Structure formats: C-alpha cells, structure tokens
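Structural description and commentary
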Amino acid sequence: MNVTRRVLIVAGGRGAATVSVFVVNALLARAWDLQTFGRFSAVWILGNALAPVFQQGIPSALLYFFPRHDSRGRRRLLGMAGASLLLAAAVFALVLSLAGPALAPILGLEQTLTSGLIVSFLPYAFCLVAAGQTDSALIAAGAPVMQATIGGAHALSLIAVAGYACQVGLAVEEVLQLASITGLARLGVCYLTLILIIGVPLGSAAQEWRSFFRYAWTIGTGDAMGSLSRNVDRAVVLSLFGAGSLGLYHVGAIEVPVSLLLSAVVAVVLPEVSRLAAEGEHTRVVRLFRRAVGQLAMLIIPLFCYLFVFAENIFAVYLPKAFAESENVFRLFLLALPLRCAIYNPSLVGLGHAGWALKGALFDLVTNVVLSIVFVVVLLDHAPELALYGPAAATVTATYLQVVALVIATSIALGSSVRAMLPGRRLLRTAGVAVVSAFTVSVLLQSWQTHALTVVAISAGGFSLLYCGGLSLFAAERKELQQVWHSVMQGSHRG
C-alpha cells in the first residue's frame, strides 16, 4: 500500500476521533450550563494532557523500531511496550486519584464531589495510557485499515454517550462512567487485534529494553512537554478565571484538522524517514519532507482561510449563544494553523535526533508558560475584557518561535538549506488561490441574510469549487490533485 493511501486511511480513522470530540462538545454544551460543562472539560483535559507523560514516548518509538525488526523482534517490542504501558497506566490512575483534593477549590466543588468525578474517569484514563502503543503498532505492522476501523467505532461510541446524556440529562459523573466503559472496550479489542496480527508478545533481553526505552524516553519527554505546552493555557484559564471560563475557552482552543491529518502523516512518514536515514539517503528525506509540506499545505492553508473568514457562522451552528466568546479564541488559534504544514518533529525523530526535538519542546513549554502569565497579567491591568484571550495569544506566539527553530534544526540535521526543504513557490500559489477563493465567496454572501447553517453549507461548497478550480490552473498542483484522488479511489499511485 503506497504512502499517500496509508496517510489517508490513518487520517480517516483519526479524523473520526476528532469529529467525535466536536460532536461530544456540541451535545454536552447544550445539555449543561457553562459551569457544569467547564467541570467536565477540566477533568477531560487533565487526563488527555497528562497521558503522553506516562506513555513515555513508546508510540513514536514503535514507529521508529518496527521497520528495523523481523516478526519475532516485533513481538518482543510489543511485549516490552505492553508491559511498560500497563504499569504506567496503573501509576497514572493512582496519580489522578490523588489529584482530586488539589482540583476541588479550582472547580468550585467539595473534595468528595471532585473525587467522584476523578474516580469515574479513572478507567478511561487508564486506557488512554495502556492502549498508547496499539495505533502505532497496527500502522507499522501494515494494518492501517484495522486501526482506522477501531478508532471510528470508538468515536461513534463516545458520540452515542454524549447523545444519550443530552437526551436524558445525565450528570458529569455518569457521562465519565459511560466513557470509561467505551475506553475499556476499545482497549480489549486493540490488544486482541494486535495478538492476531503480530502474534503473542514475547519477553526481551535487558539490553533490548535499555536500547528501546533509552530512545523512547527521549521522545517521551518531548511528547510530554509538548502536551503540557498545548494545555498550559487551559491551566492558566482554569486557575485564574474558573471552570465556567474554561468551558468557553476550551471549545474555542482547537486545532482541527491539524491533529488528525498531521498525526496520520507522522505515523506513516516517520518509519519511512527512519528507513531512509538508516540507509544514508538524506537527499531522499529532503524530497520526502518537501513533498509532505506541499501536500499538507494543499489542505491546511485553504482550510485556514475558510475557517478564519466564516468562523462566526460556523460557531453559530456549532455551539449555543452562551459560547459566543469562543469564536475569538478559535480565530487566535487559527493563526498557528499554517505552521502545521511542516513535519519537523517526526523528521528529527526519524533521523535519530530525538534530543533536538526534546529541546524544541522544552523551549515551547517554557515560552508558553512565561508568555501566558505575562499576557494575562498585562491584559488584566489594561484591558480586562481581553484577558481571557491572553493564553491563546501566548500559545500562538510560542508555536511560531518553536517552528522556526525546529525547521532550522531539521535542515542542519539533513545538511540541507531551509529553502531546499520548503516548496516556496508552491506555498505561495496555494495561499494565493485560497485567499482569493475565501474573499470572493465572502463578498458574494455578505449581503445574504439567511440561517448560519445555510451560509456554512453554501460557502463551503463554493469555496471548495473555486479553490480546486483555481489550483488546477497550475500544472504541478493539478497533477498532485489527480494523484491524491487516484490514491483515494484506486490506490495505484506510488507515494
């Protein structure tokens, strides 16, 4: 199966997970008031932000090591990863159970109520860590369709839970309990599937453990710092503004579709970079990097333009009027979206420079913490009505600084120039067509007074037609569109 098709399959599975987050938030925002929704968000964010800390970099390490082992070696890797993550998941659950008293005053609840929320969430949190290697192992083992199927089924189950909660009026604790049941079911299916595809996990020698985890922990530290950095703004909002404001902020602080598409590209490209780097083919890595950036830009840049221009209508459909302020948070986060075209971290990891990625993550975390606090303090003194947006502005600023540093580091690792790694003219053409398309559709619909859902549907269709038509005027982009479409429909193009 070619690289492009694998990316699209993995993106489809992870896209279902991302869509489920939107649907769950939209349903629960209508079922609860701001304060209740904020409490649910706080517990959910806490678990998802800390999970990478306990996953120890094992998911990314598997993508690096799987292509370098035979079937027996892969079974040993699965044994090492599974045993370690099960132990880490148990420790994670213990840590969360002890966090209840500390969260109680922030959430405005009694300690017993906060502990009840945490306990209800513990099985789901356990599964987040325990199943950490399953997606990576399935993808690296050549079973992306199975990985996407399992992910899609789990996404549907979470949507069903939220829909049921909205219909019958479940409390936060009950929703977390049902979510935990879906997590346990997914964990069981994933482990059974891995055993059927890869085989029964085997034990490994101490030397293999040291080699694997030395690399995994380096990656894991970077992943942990990245996760904490992505959520430090939410921690600042929760501690300074309370659970109600966190609910407003959380639903706006989104990076879609970056998480679903980029993670799919990483899962497929990282093993390829690892293989080419092991063969000393740095020139081919540069070409792979350049092509990945160009292909990602064809989706990410137009998506940025469309979402930024039509954010008001999208949020009018997505959330109740009580969440109107979330739109401004969303627009701020959108400013970092074009930067996600560059796959800098996985390239460094695949090249064997996970330590450089770690330094970039540390820089991002420290910068984000400092700027979030500074921006909020300054805005509270001079423009308190804008203080809620300070952490979002800090996150975007820190992201720009980190991306510049890591792209330069990647060019150094490859012995190439930044200009050679980035398809500059192609990026400009893509951006130009996207801006013109979004502006044209916006002007045409500006005076049309109708329901927001109708505007979103018509604008999305019109923008897509204008963008694809405009991009197809350029031979290189037209060929790329045809190749991607061919991969989706027939899978005969070799990526």
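The structure this text deals with has already been given above.
Residues numbered from 1 in each chain as written. Predicted model: local features only at pLDDT ≥ 70, side-chain atom pairs only at ≥ 80, totals over all residues. Heavy atoms only, no water.

A word on the overall build of the chain. Scanning the chain for helices and strands turns up 21 helices and zero strands. Burial statistics for the chain: of 495 residues in total, 53% are counted as buried. Long-range pairs, those at least 24 residues apart, make up 83% of the contacts in the chain with a sequence separation of at least 6. Put simply, the chain shows about 21100 Å² of open surface, and 66% of that area lies on carbon and sulfur atoms. (Helix = DSSP H or I, 4+ residues; strand = E, 2+ residues; numbered from the N terminus. Buried < 20%, exposed > 50% of the residue type's maximum accessible area, 1.4 Å probe, protein only. Contact = heavy atoms within 4.5 Å. Areas by Shrake-Rupley, 256 points an atom, 1.4 Å probe, with all protein chains shown as cover.)

Even without being a glycine, Gln56 presents a positive backbone phi close to 60°. Locating Gln56 in the fold gives a position in the loop between helix H2 (34-55) and helix H3 (58-65).

So, about empty space enclosed by the protein. All chains considered together, the criterion is met by three cavities of 30 Å³ or more. Put simply, the second largest cavity is a space of about 50 Å³. In this structure, the second largest cavity is lined by Glu255, Phe333, Ala336, Leu337, Arg340, Thr395, Val396 and Thr399. Broken down by element, the residue count for the lining of the second largest cavity peaks at three residues, all from helix H17 (residues 390-414). By residue class, the composition of the lining of the second largest cavity is four nonpolar, two polar and two charged. (1 Å grid on protein atoms, 1.4 Å probe; cavity = no way out; pocket = protein on both sides within 12 Å on 5 of 7 lines; lining within 4 Å. Points joined across faces, edges and corners; volume = space filled by probe spheres on them. Nonpolar A, V, L, I, M, F, W, Y, C, P; charged D, E, K, R; others polar.)

Looking at the second largest pocket, its volume works out to about 340 Å³. Sorting elements by how many residues they give to the lining of the second largest pocket places helix H13 (residues 311-318) first, with three residues. In terms of residue class, the lining of the second largest pocket is made up of seven nonpolar, five polar and two charged.

Note that side chains of opposite charge can pair when their charged atoms are close. For the structure shown, the criterion picks out two salt bridges. Where Asp233 meets Arg234, a salt bridge forms, and the shortest distance between an N and an O atom there is 3.5 Å. Each member of the pair, Asp233 together with Arg234, is buried. A salt bridge links Arg331 to Glu327; the nearest nitrogen and oxygen atoms lie 3.1 Å apart. On the criterion of helical spacing, the pair formed by Arg331 and Glu327 is a turn pair, its members being four residues apart in helix H14 (residues 326-334). The exposure class assigned to Glu327 is buried, which follows from its relative accessible area of 14%. (Salt bridge = Lys/Arg side-chain N within 4 Å of Asp/Glu carboxyl O.)

Moving on: the packing of aromatic side chains. What characterises a pair of aromatic rings is the spacing of the ring centres plus the angle enclosed by the ring planes. One pass over the structure, following the stated rule, counts 15 aromatic pairs. On the basis of an interplanar angle of 80° and a centroid distance of 6.2 Å, the ring pair of Tyr249 and Phe333 is categorised as edge-to-face. On the criterion of sequence distance, the pair formed by Tyr249 in helix H10 (residues 243-252) and Phe333 in helix H14 is long-range, its members being 84 residues apart. According to the relative accessible area criterion, Phe333 is buried, its value standing at 5%. When the ring of Phe463 is compared with that of Tyr467, the centres are 6.0 Å apart and the planes differ by 10°; the resulting orientation is stacked. Of the two residues, Phe463 and Tyr467 are both situated in helix H20 (residues 452-471); the distance of four residues between them amounts to about one turn of the helix. We note that Phe463, like Tyr467, is buried. Each member of the aromatic cluster is reached from another via a ring pair, and the members are Trp32, Phe40, Trp44, Phe121 and Tyr124. (Phe/Tyr/Trp six-rings, centres within 6.5 Å; stacked < 30°, edge-to-face > 60°.)

These results come straight from atomic positions and should not be treated as a statement about function.
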